[in-house]
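Below are the chains, spelled out letter by letter.
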Amino acid sequence: METTTTVLGRLRGAQKTAKGVSLYSRYVNRPAGRVFAAGAYRLGMTPNQVTLTSAVFTFTAIACVALVRPGPWTAVLVYLGLALGFALDSADGQLARLTGRGGPDGEWLDHVVDCAKMILVHTAVLIAFHRYFTLPGDAWLLLPLGFLFVAVLTFCAGLLREQLGKAAAHGADRAPGLAAPPSRLRAVALLPADYGVFCLVFLLLADETAFRTGYAVLAAVHTLFLVLFLGKWFRELKALRAH
């Protein structure tokens, strides 16, 4: 059997493009996922099994947000569960590319888990706000609903942009315009919208004011990014039609 070092070397050569990826995903989440993918490969796991393992960590952490009274240890455990789930979410794709065992079923399962994660994490925050937080007013209960709307719309619109772009490019591996070198400035600018950065806010869960503030700031930033992304994706698809 190949050594872990050999497997890691092969995984480094099978990475997706870094374009449109924040610094966190590029330098933290993907490398962590690479280590998990190497471990999964040596254990003989399939990409779908890694996806389901990711779901277990993620959904357990989300359940803790909704069902366990916030405290310092809860905050740490929730963050670790979400962060590990995110790293494993990167590992399943890396393992699929390494083994050639990926397919439509795996991509479908990965997207289903991602969508469920987005819906449930904000729902869990809403439940936590209602059960455990002393809110300044009931209007705060609308914040997780708004964040949920933004997250799901961004996910669906981005996925459609990718699929429609590929269709317009007549089955090319990637839509036109996506082959440019990755920008370091863009990678920094995308940090606030990265799911890994979002996970960090749960370290503040034990402090109601700090968590509400951090969560609200991220909601505002994600809303701004959604507006910018929608305009960008619409213009890109319109340009593809012109070709």
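Scroll up to find the structure this text is about.
Sequence order sets the numbering: in each chain, residues are counted from 1 along the sequence as written. Residue-level local features of this predicted model are given only where pLDDT is at least 70; pairs of side-chain atoms are given and counted only at 80 or more, and the full residue set underlies all totals for whole chains, interfaces and linings. The side-chain figures draw on all heavy atoms in the structure; neither hydrogens nor water molecules are used.

Regarding the overall build of the protein chain
Phase 1 of the analysis: A run of H or I in DSSP counts as a helix once it spans at least four residues, and a run of E counts as a strand once it spans at least two, with each numbered from the N terminus. Of the regular secondary structure elements, the protein chain holds nine helices and zero strands.
Phase 2 of the analysis: Each helix and strand of the protein chain, placed in order from N terminus to C terminus, yields the pattern α-α-α-α-α-α-α-α-α.
Phase 3 of the analysis: By definition, residues are in contact when any of their heavy atoms lie within 4.5 Å. Sequence-distant contacts in the protein chain: of pairs separated by 6 or more residues, those separated by 24 or more amount to 81%.
Phase 4 of the analysis: Shrake-Rupley sampling with a 1.4 Å probe provides the accessible areas, and residues are treated as covered by the protein chains on show and by no other component. When the accessible surface of the protein chain is summed, it comes to about 12,800 Å², and 68% of that surface belongs to carbon and sulfur atoms.

Observations regarding helix α2 (residues 23-43)
Phase 1 of the analysis: To estimate how far a helix should extend, the number of its residues minus one is multiplied by 1.5 Å. Relative to the 30 Å expected for 21 residues at 1.5 Å per residue, α2 spans 29 Å between its end C-alpha atoms, a close match to the ideal helical length.
Phase 2 of the analysis: For a residue, the bend is simply the angle between two axes, fitted respectively to the seven-residue segment ending there and the seven-residue segment starting there. A bend of about 35° at Asn29 is the largest found in α2, and the proline Pro31 appears one to four places after it.
Phase 3 of the analysis: Buried residues of α2: Leu23, Tyr24, Ser25, Arg26, Asn29, Arg30, Gly33, Arg34, Ala37, Ala38 and Ala40, and no others.
Phase 4 of the analysis: The definition of a polar contact used here is a pair of N or O atoms within 3.5 Å, where within protein one atom must be able to donate a hydrogen and the other to accept one, and adjacent residues in sequence count solely through side-chain atom pairs. For α2, the N-terminal capping position is held by Ser22, with its side-chain oxygen 3.3 Å away from the main-chain nitrogen of Tyr24.
Phase 5 of the analysis: Downstream of α2 by one or two residues, Gly44 has phi in the positive range, about 80°. Note on classification: 1.4 Å probe, protein chains only; a residue is buried when its accessible area is under 20% of the maximum for its type, exposed when over 50%, partly exposed between these limits.

Details of the environment of Asn48
Phase 1 of the analysis: Take Asn48: it is sitting in helix α3 (residues 47-67).
Phase 2 of the analysis: Given the relative accessible area of 24%, Asn48 is considered partly exposed.
Phase 3 of the analysis: In the structure, Asn48 is positioned 44 residues away from Asp92 in sequence and 6.9 Å away in space, judged by C-alpha atoms.
Phase 4 of the analysis: Aside from chain neighbours lying at most four places away, what touches Asn48 is Asp105, Gly106 and Leu109.

Examining the pattern of salt bridges
Phase 1 of the analysis: Every case where a carboxyl oxygen of Asp or Glu lies within 4 Å of a side-chain nitrogen of Lys or Arg is listed as a salt bridge. For the coordinates displayed, the defined rule picks out four salt bridges.
Phase 2 of the analysis: With a shortest N-O distance of 2.6 Å, Glu236 and Lys232 are connected by a salt bridge. Linking Glu236 with Lys232, this pair stays in helix α9 (residues 208-242), spanning four residues, or about one helical turn.
Phase 3 of the analysis: According to the relative accessible area criterion, Glu236 is partly exposed, its value standing at 23%.
Phase 4 of the analysis: Look at the salt bridges and you will find they share partners, linking Asp89, Asp114 and Lys117 into a network.

Quick word on the packing of aromatic side chains
Phase 1 of the analysis: The rule is short: rings of Phe, Tyr and Trp, with Trp giving its six-membered ring, pair when the centres are within 6.5 Å, and they are stacked under 30 degrees, edge-to-face over 60, tilted in between. Under the criterion given, the structure shown has 15 aromatic pairs.
Phase 2 of the analysis: Here the aromatic rings of Phe133 and Phe211 are separated by 6.0 Å at their centres, their planes lie at 65°, and the arrangement is edge-to-face. Taken together, the residues span a long stretch of sequence, with Phe133 in the loop between α5 (104-132) and α6 (142-168) and Phe211 in helix α9 at a distance of 78 residues. You'll find Phe133 and Phe211 in the same group, each marked buried.
Phase 3 of the analysis: With a centroid separation of 5.4 Å and 85° between ring planes, the pair formed by Phe198 and Phe202 is classed as edge-to-face.

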